[in-house]
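Residue strings, one per chain:
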Amino acid sequence: HLCLNQTSVFSLSVYYTHLLWCSSWWGGVQMGPPDPILGVTEAFKKDTNPKKMNLGVGAYRDDQGKPFVLSCVRKAEAIIAAKQLDKEYLPIGGLAEFSKACAQLALGPENEVLKSSRSVTVQTISGTGSLRIGANFLARFHPGPHDVYLPKPSWGNHTPIFRDAGMQLKAYRYYEPSTCGFDFKGALDDISKIPEQSIILLHACAHNPTGVDPRPEQWKEIADIVKKRNLLVFFDMAYQGFASGDIDRDAWAVRHFIENGHNIVLSQSFAKNMGLYGERVGGFTVVCKDAEEAKRVESQLKILIRPIYSNPPVNGARIAATILNTPELRSLWLEEVHGMANRIIKMREQLVAGLKKNGSSHNWQHVIDQIGMFCFTGLKPEQVERLTKEFSVYMTKDGRISMAGVTSGNVGYLADAIHAVTK
Amino acid sequence: LKKQKKNRSAFCLRGSQISITPHNSLSVPQAAPVAVFKLTQDFNNDQFPNKVNLGVGAYRTDEGQPWVLPVVKKVEKIIVHDDRLNHEYLPILGLPEFRSSASKIVLGDNSPAILENRVGAVQCLGGTGALKIGAEFLRRFYNGSNNTKTPIYVSAPTWENHNAVFSSAGFEDVRPYRYWDAEKRGLDLAGFLGDLESCPEHSVFVLHACAHNPTGTDPTQEQWKQIAEVMMRRKLFAFFDSAYQGFASGSLEKDAWAVRYFVSSGFEMFCAQSFSKNFGLYNERVGNLTVVARDADNLKRVLSQMEKVVRITWSNPPSQGARIVTITLTSPELFSEWQENVKTMANRVLLMRSQLKAKLQALGTPGTWDHITDQIGMFSFTGLNPKQVEYLVKEKHIYLMASGRINMCGLTTKNIDYVAESIHEAVTKVQ
């Protein structure tokens, strides 16, 4: 009884103190704004129209509109399961055979950078994690201005990532609304004025959100002017293989810049090209002047990683490494990536064909010229709103659609809907 | 902590020495390796046949091998054969069933706070990730504006990464609270309570829920009550780090007692949970930041802001580990099996503790060795001094942290005699 009383007294005294002070620590915390893209999916889910289409989703869908698990992934999983591996912590920098294969995929296995060991690649939490580590690294070590120049427009999450790391955001012209194409002149003009040693972020291929990529000759000129301005190049490559269907073609710009003498930093994601979205597989690479510098950089990347998540998750990296390092699986993967890219290209062609058939007077060539998962339709906000309200076609307000959400079953409906709001 | 402080200021000094050079010649100094991983590296490179690794904190079987829990193997087979599962993105805050079942594990199924809808969670990358998201949120929203000077108190000593998590989140003042009494080899309660009484109001205290790392010394229930009383009265923020629930005593409820007591006392608090040790899922990075708020409305706003933090850190968490934990926790059979697996681990550690103490006492090793069995969880603060530690590492090829911390899991029935004898030597030969 005595013990019980003592317990009661103690917890009562604490409880009464708490009653006297009943406000929350969080009274001043505002509701965070809804994520613009998630908001699209939420609204889509609530819609009861059987013909509804979700073109906001940034994940590949097959021709039945279903998520697609690559066969090479399933096969790799079976191989891994049979090995009965333990679950010991990975090193801070991740699975070595993954990091190595990741770098080789981007740079090409014969690249001089890899042969002289003058780069470091760490496994990261997909593309976002890679960009974040990169931003943190630059914030701490970049000797030049801490200004990151993004193309106008860029992926919505680039800005908050760099800003939170302490960098300033600036922009260079990129997308030309009047042509729905690349504003090459504007880009060169702006880039030529960027203060020396600033940081320029380039989408390696399949620009998000516009789908507009420079042509090789244009990349060459960009590389020249970037060199003249002595800028640090930060490549974001989230769609290697997924853009053209050819992994070497999609990495052409990255490799050209390196050949051209730029010591780039590079973020890679395997979310889309291996369909490993939820496994969070990515890499961050720093190309250095020599192997000794690469070792120092590696040691500092680890210092940045450790207080965020200690070491990365193994599952996706093992799958990716198994695929990249097993010849039959690698071949299968290349075929499947080619298949995904081809389906997207076909949907682009069918959409334009459908619009022409409907008698649309507009020029829809950009739908075919743009590349990768996304298409900047050129639709205005009012037209986008009509598409959603009248046709249950969901996309982001900027007129961006994910071609991955288009199937042979619904491309006709989409063509009808777009024609209806644009004629 | 002194070492950490040194590293930090050395880093800052180097930072100010960086000169403007072309970007293709980075002024990046070589960073010191993380001590615990360097220890394992040295161990791996050692050719001595009877070497023993008492360093890094991962469970080992009596054969000295890593152990994938049988229930985990079972669940992984279920996952691999389930054709309905794909690799799509999880929501930003993680797998909903994972978050709720993980919070239930630490707070109890019938926690009043859960029933009152004021408990939420964020799936994170391990315990580290949960601490990180919590720290980033606090830096943005706790204690008014200009709050980076809010003191963050971590125990002296503590897990070496606590310091870095909070300082890298932007807190400028990470300080120790008295905890380990080296003289009596136990909890310095007076010192702990003294720091609680004298610290600035609204300070944040990082509390080890059970199986304190590295000392293995936990407050008793009575002591926790005293701690809670002061914290509530002085308006201090409780941030629990729960990395060993179940692993410490073998009982989930017992190991969660402190956390649950604080909740029932009315604290708004965070609890960073790790499933690395109690599920053996180290490399899958499974963690959960449990948030207990005053009410559902406050909770909603907090989670919405945590979502923003997650989005610019890793966007959304990895699915594999969360799936394994969720399937296990939500199936009565698998849940029981898991509890048995956890008991297996806890019991082996308890056995090694009692055997080590018995052997040291039998050898007549100077000093008292009760702390070996009084302490709980994976680690034991032996009380060996740095010279004695060096002796063990260099002369006996027994690898342990300079602090004298040993991982009990590194002990096996095959090496315990060698370790006991070596400790005896170290204590008698080296002062």
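Just so you know, these numbers come straight off a predicted model, no measurement behind them.

### So, the UniProt feature "domain: Aminotransferase class I/classII large" (unreviewed entry) in chain B
Taking the UniProt record as the reference, the feature "domain: Aminotransferase class I/classII large" (unreviewed entry) is found at residues 50–423 of chain B. With 46% helix and 14% strand, the stretch residues 50–423 of chain B has end C-alpha atoms that lie 15 Å from each other.

### A word on the domain arrangement of chain A
All names here are of chain A. Entries for chain A in the domain assignment read domain 1 (36–68 + 340–421) and domain 2 (89–325). Between the C-alpha centres of domain 1 and domain 2 there is a distance of 28 Å. Summing both sides of the interface, domain 1 and domain 2 together bury roughly 1500 Å²; the carbon and sulfur share of this comes to 67%. Of all residues in domain 1, Ile371, Phe374 and Phe376 give up the largest surface area on contact with domain 2, accounting jointly for 36% of the area buried on that side. Across the contact surface, domain 1 and domain 2 share zero salt bridges. For the pair domain 1 and domain 2, the interface holds four residue pairs in polar contact (both at pLDDT 80 or more). Counting only elements with at least two residues in the side of domain 1 that touches domain 2, the list comes to α14 (327–357) and β11 (374–376). Split into classes, the residues belonging to the side of domain 1 that touches domain 2 amount to 10 nonpolar, six polar and one charged.

### Considerations on the side chain of A:Glu88
Along the chain, A:Glu88 turns up in the loop between α3 (71–83) and α4 (96–107). A distance of 2.7 Å separates polar atoms of two side chains, one belonging to A:Glu88 and the other to B:Arg60. In this structure A:Glu88 touches B:Ala58, B:Arg60, B:Pro66, B:Tyr282 and B:Asn283, once residues within four positions along its chain are discounted.

### What to know about the pairing of strand β4 (residues 168–173) of chain A
Residues and elements named next belong to chain A. Pairing between strand β3 (residues 147–152) and β4: six bridges, direction parallel. Across the sheet, residue Val148 finds its bridge partner in β4, namely Leu169. In this fold, β3 hands off to helix α7 (residues 158–164), which returns the chain to β4; that crossover is right-handed.

### Focus: the UniProt feature "domain: Aminotransferase class I/classII large" (unreviewed entry) in chain A
When the UniProt feature table is mapped onto this chain, "domain: Aminotransferase class I/classII large" (unreviewed entry) is found at residues 51–418 of chain A. Between the end C-alpha atoms of residues 51–418 of chain A there is a gap of 14 Å, over a span that is 46% helix and 15% strand.

### Notes on the sheet that holds strand β3 (residues 152–156) of chain B
Residue and element names in this part refer to chain B. In spatial order, the strands read β2-β10-β9-β8-β7-β3-β4; together these seven strands make up an open sheet with mixed pairing. The open sheet has two edge strands with one neighbour each: β2 (119–124) and β4 (174–178). Across the sheet, the mean angle separating the axes of adjacent strands is 25 degrees when strand polarity is ignored. Summarising the sheet, β3 and strand β7 (residues 204–208) pair through two bridges and their orientation is parallel. Bridge pairing in β7 links Tyr153 to Phe205. Taken strand by strand, helix α12 (residues 296–311) contacts β2, β9 (269–274) and β10 (287–292), and its axis lies near 10 degrees from that of β2.

### Regarding the packing of aromatic side chains
Applying the stated criterion to the full structure yields 51 aromatic pairs over all chains. When the ring of A:Phe98 is compared with that of A:Phe270, the centres are 5.5 Å apart and the planes differ by 70 degrees; the resulting orientation is edge-to-face. Residue A:Phe98 is found in helix α4, and its partner A:Phe270 is found in the loop between β9 (265–269) and β10 (281–287); the two are separated by 172 residues along the sequence. A:Phe270 gets classed as buried once you look at its relative accessible area, which sits at 1%. Where B:Tyr177 meets B:Phe205, the ring centres are 5.2 Å apart and the plane angle is 45 degrees; that geometry is what we call tilted. In this pair, B:Tyr177 is assigned in strand β4 and B:Phe205 in strand β7, connecting sequence segments 28 residues apart. A residue is classified by how much of its surface remains accessible, and B:Tyr177, at 1% relative accessible area, is buried. According to the relative accessible area criterion, B:Phe205 is buried, its value standing at 0%. Aromatic ring contacts, followed pair by pair, group A:Trp25, A:Trp26, B:Phe137, B:Phe141, B:Tyr142, B:Phe166, B:Phe171, B:Phe237, B:Phe239 and B:Phe270 into a single cluster. Directly above the aromatic system of A:Phe44 lies the positively charged group of A:Lys52, at a separation of 4.5 Å from the ring centroid. Between the NZ or CZ atom of B:Arg185 and the centre of the ring of B:Trp369, over which it lies, the distance is 6.0 Å.

### Things to note about the interface of chain A and chain B
Tallying the contact residues gives 86 residues for chain A and 95 residues for chain B. For the chain A and chain B pair, buried surface summed over both sides reaches about 7800 Å², with 59% attributable to carbon and sulfur atoms. Sorting the residues of chain A by area buried against chain B places A:Trp25, A:Trp26 and A:Lys87 first, and these three jointly supply 12% of that buried surface. Put simply, chain A and chain B have six salt bridges between them. The interface formed by chain A and chain B holds 37 residue pairs in polar contact (both at pLDDT 80 or more) in total. For the side of chain A that touches chain B, the secondary-structure elements that each account for two or more residues are α1 (2–20), α3, α6 (126–141), α7, α12 (291–309) and α13 (315–325) of chain A. Per-element accounting of the side of chain A that touches chain B gives the leading share, 11 residues, to α12(A).

Definitions and cut-offs
Residues numbered from 1 in each chain as written. Chains lettered and ligands numbered in written order. Predicted model: local features only at pLDDT ≥ 70, side-chain atom pairs only at ≥ 80, totals over all residues. Heavy atoms only, no water. UniProt positions renumbered as here; feature names shortened; annotations may be inferred. Helix = DSSP H or I, 4+ residues; strand = E, 2+ residues; numbered from the N terminus. Domains from an automatic or database assignment. Buried area = accessible area lost by both parts, 1.4 Å probe. Salt bridge = Lys/Arg side-chain N within 4 Å of Asp/Glu carboxyl O. Polar contact = N/O pair within 3.5 Å; in protein donor to acceptor, adjacent residues only side chain to side chain. Nonpolar A, V, L, I, M, F, W, Y, C, P; charged D, E, K, R; others polar. Contact = heavy atoms within 4.5 Å. Pairing = 2+ DSSP bridges. Right-handed = clockwise from strand over helix to strand, strands pointing away. Axes fitted to C-alpha atoms, helices over the stretch in contact; angles between N-to-C directions. Phe/Tyr/Trp six-rings, centres within 6.5 Å; stacked < 30°, edge-to-face > 60°. Buried < 20%, exposed > 50% of the residue type's maximum accessible area, 1.4 Å probe, protein only. Lys NZ or Arg CZ within 6 Å of the ring centre and 35° of its normal.

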